[in-house]
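Next come the chains, spelled out residue by residue.
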Amino acid sequence: MTFQSRVYSLCKQVPAGKITTYKAIADTLGSKGYRAVGNALNKNPDLKTIPCHRVVNKVGRLALGYAFGGPGEQKMRLLSEGVVFVDENHVDLQKCQITQCGHMMISK
DNA sequence: ACATTGACAATTA
DNA sequence: TTAATTGCCAATG
């Protein structure tokens, strides 16, 4: 199992209306390479099977170089799924992020 | 095998 | 508080 395979698996496990962060993913994978996560998603082979639009950075800010149609597209998708935005490009981490508070961190 | 790149994060100024 | 620098990991040239 390669690194990106795990990243993809985690992304696919994020339910609609919810989001996760690069940090969470990297942490779950037991790696500190947050960039590596984004790197993997960057070359995501299939946008349909990999909802990378639900992955945001630690402040809930949408990814910059979203390989799809820009952050605008990503934002639209998130809104469609019911994700709450607190700012132009910031999602409500309090409600939408899969927190580890319930230590329900994305499964491995 | 080495150097560079990249959808990030934490620290320092 | 905002801006710039450094650190990390994996992939790619």
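Residues numbered from 1 in each chain as written. Chains lettered and ligands numbered in written order. Predicted model: local features only at pLDDT ≥ 70, side-chain atom pairs only at ≥ 80, totals over all residues. Heavy atoms only, no water.

**Side note on the protein's contact with DNA strand B**
So, point 1. As a structural note, the neighbourhood of DNA strand B is formed by 16 residues, with Arg-35, Leu-41, Asn-42, Asn-57 and Lys-58 the closest of them.
So, point 2. When atoms of DNA strand B within 4 Å of the protein are sorted by moiety, sugar and phosphate together comprise 40%.
So, point 3. One of the side-chain nitrogen or oxygen atoms of Tyr-22 is found 2.9 Å away from a base nitrogen of DNA strand B.
So, point 4. Put simply, the parts of the chain that give the surface near DNA strand B at least two residues each are helix 2 (22-28) and helix 3 (34-42).
So, point 5. Broken down by element, the residue count for the surface near DNA strand B peaks at seven residues, all from helix 3.
So, point 6. Here the surface near DNA strand B is built from residues that sort into seven nonpolar, six polar and three charged. (Near = heavy atom within 4 Å. Polar contact = N/O pair within 3.5 Å; in protein donor to acceptor, adjacent residues only side chain to side chain. Helix = DSSP H or I, 4+ residues; strand = E, 2+ residues; numbered from the N terminus. Nonpolar A, V, L, I, M, F, W, Y, C, P; charged D, E, K, R; others polar.)

**Some remarks on the protein's contact with DNA strand C**
So, point 1. If you check the shell around DNA strand C, you find Thr-2, Phe-3, Ser-31, Lys-32, Gly-33, Arg-35, Ala-36, Asn-39 and Lys-43 and nothing else.
So, point 2. Each atom of DNA strand C within 4 Å of the protein was assigned to sugar, phosphate or base; sugar and phosphate come to 71%.
So, point 3. Asn-39 has a polar side-chain atom sitting 3.2 Å from a base nitrogen of DNA strand C.
So, point 4. Measuring from a sugar or linking oxygen of DNA strand C, one finds a side-chain N or O atom of Lys-43 at 2.8 Å.
So, point 5. A per-class count over the surface near DNA strand C returns two nonpolar, four polar and three charged.

**Here we look at the environment of Val-7**
So, point 1. Following the sequence through the fold, Val-7 ends up in helix 1 (residues 3-12).
So, point 2. Here Val-7 falls in the buried class, since its relative accessible area comes to 0%.
So, point 3. Setting aside residues up to four positions removed in sequence, Val-7 forms contacts with Ile-25, Leu-29, Val-37, Ala-40 and Leu-41. (Buried < 20%, exposed > 50% of the residue type's maximum accessible area, 1.4 Å probe, protein only. Contact = heavy atoms within 4.5 Å.)

**Some points on the packing of helix 1 against helix 3**
So, point 1. Between helix 1 and helix 3, the least distance of the axes is 9 Å, while the angle of their chain directions is 80 degrees. In terms of axis orientation, helix 1 runs roughly perpendicular to helix 3. From helix 1, Phe-3, Gln-4, Val-7, Tyr-8 and Cys-11 reach across to helix 3, where they touch Ala-36, Val-37, Ala-40 and Leu-41.
So, point 2. Here the contact of helix 1 with helix 3 is built from residues that sort into eight nonpolar, one polar and no charged. (Axes fitted to C-alpha atoms, helices over the stretch in contact; angles between N-to-C directions. Parallel < 35°, antiparallel > 145°, perpendicular 65-115°, else oblique.)

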